[in-house]
Amino acid sequence: MDIVVKGRKTEVPERFRKHVAEKLKLDKIQKLDAKVISLDVEVSKEPNPRQADRCDRVEITLRSRGPVIRAEAAASDPYAALDLAAEKLDARLRKQHDKRYTRRGARRLTAAEVADHVPGVATLDGNGLPVPAEESDSVPTKKIGSLEVQGEGPLVVREKTHVASPMTLDQALYEMELVGHDFYLFVDSETKEPSVVYRRHAYDYGVIHLRTDTMVTRSHTPEAGGTLGG
């Protein structure tokens, strides 16, 4: 397996490519994850002079037979950014490795146990029904992608569709930590309904469950959602 180094809107000097190979030691990575398929490093540069201390960004993407692991960092030069990103990658690899070998066979939480183990669990309203949206016939409606937007509406920059395998809440939290995001959308393996876990304060997490109710009439808004606050 080789390390692929590429630049986005910037040239990558040969000296930096060699430094990447020295910094990201493949033998060390493969000891933590023997099923690594590819390792990509992308370098980009922010031309804004106001962000000179974070003008160089490095993103490392590791793909294996397990979940994708990403680590990114920004600094005043690409070498410093690479050092920071490499530290994050190493920490996430070790976390995955430790979980695989020290927590194998540990009991996972069921959806019914979430409220007892996750503080501040987010829920829908008491009836489990979506809040009706305010309608206004005076405001023109237009379609942006798959959304119907009133007035100017939000600017939809990107729309993605992913194929997801059902998983438990514990696995969803683990996947969220691996990719370094503040939230993670998944399909609950027990309810088969879409859910979202998200980071709250310190080490607290929240979870939002969506429940399909065929008794909801057309007078209610067909899309249910929840905020990630609270």
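Up top is the structure these notes are about.
Every chain's residues receive numbers from 1 upward, in the order its sequence appears when written. Under the rules for a predicted model, residues below a pLDDT of 70 receive no local features and side-chain atom pairs below 80 are neither given nor counted, while totals for whole chains, interfaces and linings still include all residues. Side-chain metrics rest on all non-hydrogen atoms present in the structure, leaving aside hydrogens and water.

Draft legend 1. Fine view of the pairing of strand 4 (residues 69-75). The element strand 4 is extensively covered by neighbouring structure, given that five of its seven residues are classed as buried. DSSP calls a pair of strands paired once it identifies at least 2 bridges connecting them. What counts as a helix is a DSSP run of H or I of at least four residues, what counts as a strand is a run of E of at least two, and both are numbered from the N terminus. As judged from the seven bridges shared by strand 3 (residues 56-64) and strand 4, these two strands associate in the antiparallel manner. Bridging from a neighbouring strand, Thr 61 pairs with Arg 70 of strand 4. Taking the residues between adjacent antiparallel strands as the criterion, strand 3 and strand 4 are bridged by four residues. Each residue is placed in one exposure class: buried if its accessible area under a 1.4 Å probe, protein chains only, is under 20% of its type's maximum, exposed if it is over 50%, and partly exposed if it falls in between.

Draft legend 2. Structural view of unusual backbone geometry. In this model, Lys 9 sits at a positive phi of 60 degrees, which is unusual for a non-glycine residue. You can see Lys 9 is positioned in the loop between strand 1 (3-8) and helix 1 (14-23). Look at Lys 192: it is not a glycine, yet its phi comes out positive at around 60 degrees.

Draft legend 3. Structural context of the sheet that holds strand 1. Sheet architecture is open: four strands sit in the order 1-2-3-4, paired in mixed fashion. Unpaired on one side and paired on the other, strand 1 and strand 4 mark the two borders of the sheet. In this sheet, adjacent strand axes meet at a mean angle of 15 degrees when their direction is disregarded. Relative to strand 3, strand 2 (residues 36-45) runs antiparallel, the two being bridged by nine bridges. Opposite Val 43, over in strand 3, you have Val 58 as the bridge partner. The strands touched by helix 1 within the sheet are strand 1, strand 2 and strand 3, with strand 1 carrying the most contacts at an inclination of about 140 degrees. Lines fitted to the C-alpha atoms define the axes, with helices restricted to the stretch that makes contact. Angles between their N-to-C directions range from 0 to 180 degrees. Residues are treated as being in contact if the distance between any of their heavy atoms lies within 4.5 Å.

Draft legend 4. Fine view of the sheet that holds strand 7 (residues 183-187). Sheet architecture is open: three strands sit in the order 7-8-9, paired in antiparallel fashion. Whereas interior strands pair on both sides, the edge strands pair on one side only; in this sheet they are strand 7 and strand 9 (205-209). Adjacent strand axes in the sheet meet at a mean angle of 20 degrees when their direction is disregarded. Two elements, strand 8 (residues 194-199) and strand 9, share five bridges in a ladder whose sense is antiparallel. Residue pairing for strand 9: Arg 199 is matched across the bridge by Tyr 205.

Draft legend 5. Highlighting the nonpolar core. What makes a nonpolar core is a set of buried Ala, Val, Leu, Ile, Met, Phe, Trp, Tyr and Cys residues whose side-chain atoms join them at distances within 4.5 Å. In this structure, Leu 24, Val 58, Ile 60, Leu 62 and Leu 89 are the most contacted members of the largest nonpolar core, which totals 26 residues. If you list the elements that add at least two residues to this core, you get helix 1, helix 2 (26-32), strand 2, strand 3, strand 4, helix 3 (78-102) and helix 5 (169-179). Those residues in contact with Val 58 that lie beyond four places of it in its chain are Phe 16, Val 41, Glu 42, Val 43, Ala 71, Glu 72, Ala 73, Pro 78, Ala 81, Leu 82 and Ala 85. One finds Ala 172, Tyr 184, Val 197 and Tyr 205 within the second-largest nonpolar core, a separate group that totals 10 residues.

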